[in-house]
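Summary of structural features
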Amino acid sequence: MSSEGAQQGGSGDAAAEGRTVRVVLVDDHRMFRTGVQAEIGETGRTGVEVVGEAADVDQAITVITATRPEVVLLDVHLPGGGGVEVLRRCAAMSADAERPVRFLALSVSDAAEDVIGVIRGGARGYVTKTITGTDLVNAIFRVADGDAVFSPRLAGFVLDAFASTDAPPIDEDLDRLTQREREVLRLIARGYAYKEVGKQLFISVKTVESHVSAVLRKLQLSNRHELTRWAAARRLV
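The structure displayed is predicted, hence computed values, not measured ones. Counting starts from 1 at the beginning of each chain's written sequence and moves along it residue by residue. Only residues with pLDDT of 70 or above have their local features reported here, since the model is predicted, and side-chain atom pairs are shown and tallied only from 80 upward, although totals for entire chains, interfaces and linings are computed over all residues. Side-chain metrics in this entry use all non-hydrogen atoms of the structure; hydrogen atoms and water are not considered.

1. Section: the sheet that holds strand S4 (residues 102-107)
Spatially, the 6 strands line up as an open sheet ordered S2-S1-S3-S4-S5-S6, and their pairing is parallel. Taken across any chain shown, the strands that pair with only one partner, and hence form the sheet edges, are strand S2 (48-54) and strand S6 (149-150). In this scheme, strands are said to pair when DSSP sees at least two bridges between them. Working definition: helices are DSSP H or I runs of at least four residues, strands are E runs of at least two. Numbering for both runs from the N terminus. Bridge analysis of strand S1 (residues 21-26) against strand S3 (residues 71-74) gives 4 bridges, and the strand direction is parallel. Bridge pairing in S3 places Val-24 opposite Val-72. Note on contacts: a residue pair qualifies if any of its non-hydrogen atoms lie within 4.5 Å across the two residues. Interaxial angles span 0 to 180 degrees and are taken between N-to-C directions of axes, which are lines fitted to C-alpha atoms, for helices over the stretch in contact. Where helix H3 (residues 57-67) meets the sheet, it contacts S1, S2, S3 and S4, and its direction lies at approximately 140° from that of S2. Across the sheet, helix H6 (residues 112-121) is in contact with S4, strand S5 (125-128) and S6; its angle to S5 comes to roughly 145°.

Structure representation (structure tokens):
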């Protein structure tokens, strides 16, 4: 996490006020969870208490149900159905008037369909993994208070989506792809090398190659040049 902030407005110095927000981290990359824990999990300094972690959808449901945190930091792309599936299965806890569990998406993806998908699913905000630790703590407290929080450049996606009365068109070809495959597709179409894609998504080059092969097969394309043209025609890059 580095430079990009969430839109501000605020909770003040929560740690100084003696307030604590209980948080669960849901992300399928252990090293990333460890980094977030180190960045925000010093409760005396940040006011954030990390009470659980999960690496896939089923683990997330188990941990969230057991701990009932105030905020869940939720990756969009997860084994078992993705962040939207977690939101769907936690809908009753989110709607609990006395002890709501609120969700803040924290993802490497800045794709409009990912942002809109989780917000429609019930998340209270969406920030990218370039956010600083300080801004992430601020975002957690704001979401705990019921505010909506977005990394600045993503807010427009949400405004545009909900200002429109038309449902987004269904793309059957795109729907064949998993969320992770879409993410790999987008980066490949932008010209990233396999090694660069792996670094962006915290996965191995071999895993990138497997995803690209699956995308080409599902879309009946022959090479990355055709893939790039296909993605550009759908404004995915």
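2. So, the pattern of salt bridges
Here, a salt bridge means any Lys or Arg side-chain nitrogen found within 4 Å of an Asp or Glu carboxyl oxygen. Overall, the coordinates contain 14 salt bridges when judged by the stated rule. The partner of Lys-129 in a salt bridge is Asp-27, and the shortest N-O contact between them spans 2.8 Å. Remark: Asp-27 occurs in the loop between S1 and helix H1 (30-40) and Lys-129 occurs in the loop between S5 and helix H7 (133-144); sequence separation between them is 102 residues. Both residues of the pair, Lys-129 and Asp-27, count as buried. Within this structure, Asp-27, Asp-75 and Lys-129 form a network of salt bridges that share partners. Each residue's exposure class comes from its accessible area (1.4 Å probe, protein chains only) as a fraction of the maximum for that residue type: buried when under 20%, exposed when over 50%, partly exposed otherwise.

3. With respect to helix H12 (residues 205-219)
Its 15 residues place the ends of H12 21 Å apart at the C-alpha level, agreeing with the 21 Å of an ideal helix rising 1.5 Å per residue. Elements in contact with the buried residues of H12: helix H9 (172-175), helix H10 (179-189), helix H11 (194-201) and helix H13 (224-233). Phi turns positive, to about 55°, at Gln-220, one or two residues after H12. A helix is expected to reach a length of 1.5 Å times the quantity of its residues less one.

4. Quick look at the nonpolar core
The definition of a nonpolar core used throughout is a set of buried Ala, Val, Leu, Ile, Met, Phe, Trp, Tyr and Cys residues joined through side-chain atoms within 4.5 Å. Of all hydrophobic cores here, the largest spans 27 residues; its most connected members are Ile-64, Val-86 and Phe-103. At the level of secondary structure, the elements contributing two or more residues to this core comprise S1, H3, S3, helix H4 (82-89), S4 and H6. In terms of residue count, the dominant contributor to this core is H3 (5 residues). Beyond its immediate stretch of four places on either side in the chain, Val-86 contacts Val-57, Ala-60, Ile-61, Ile-64, Leu-74, Leu-78 and Phe-103. Val-23, Val-50, Val-137 and Val-149 belong to the second-largest nonpolar core, a separate cluster that totals 22 residues.

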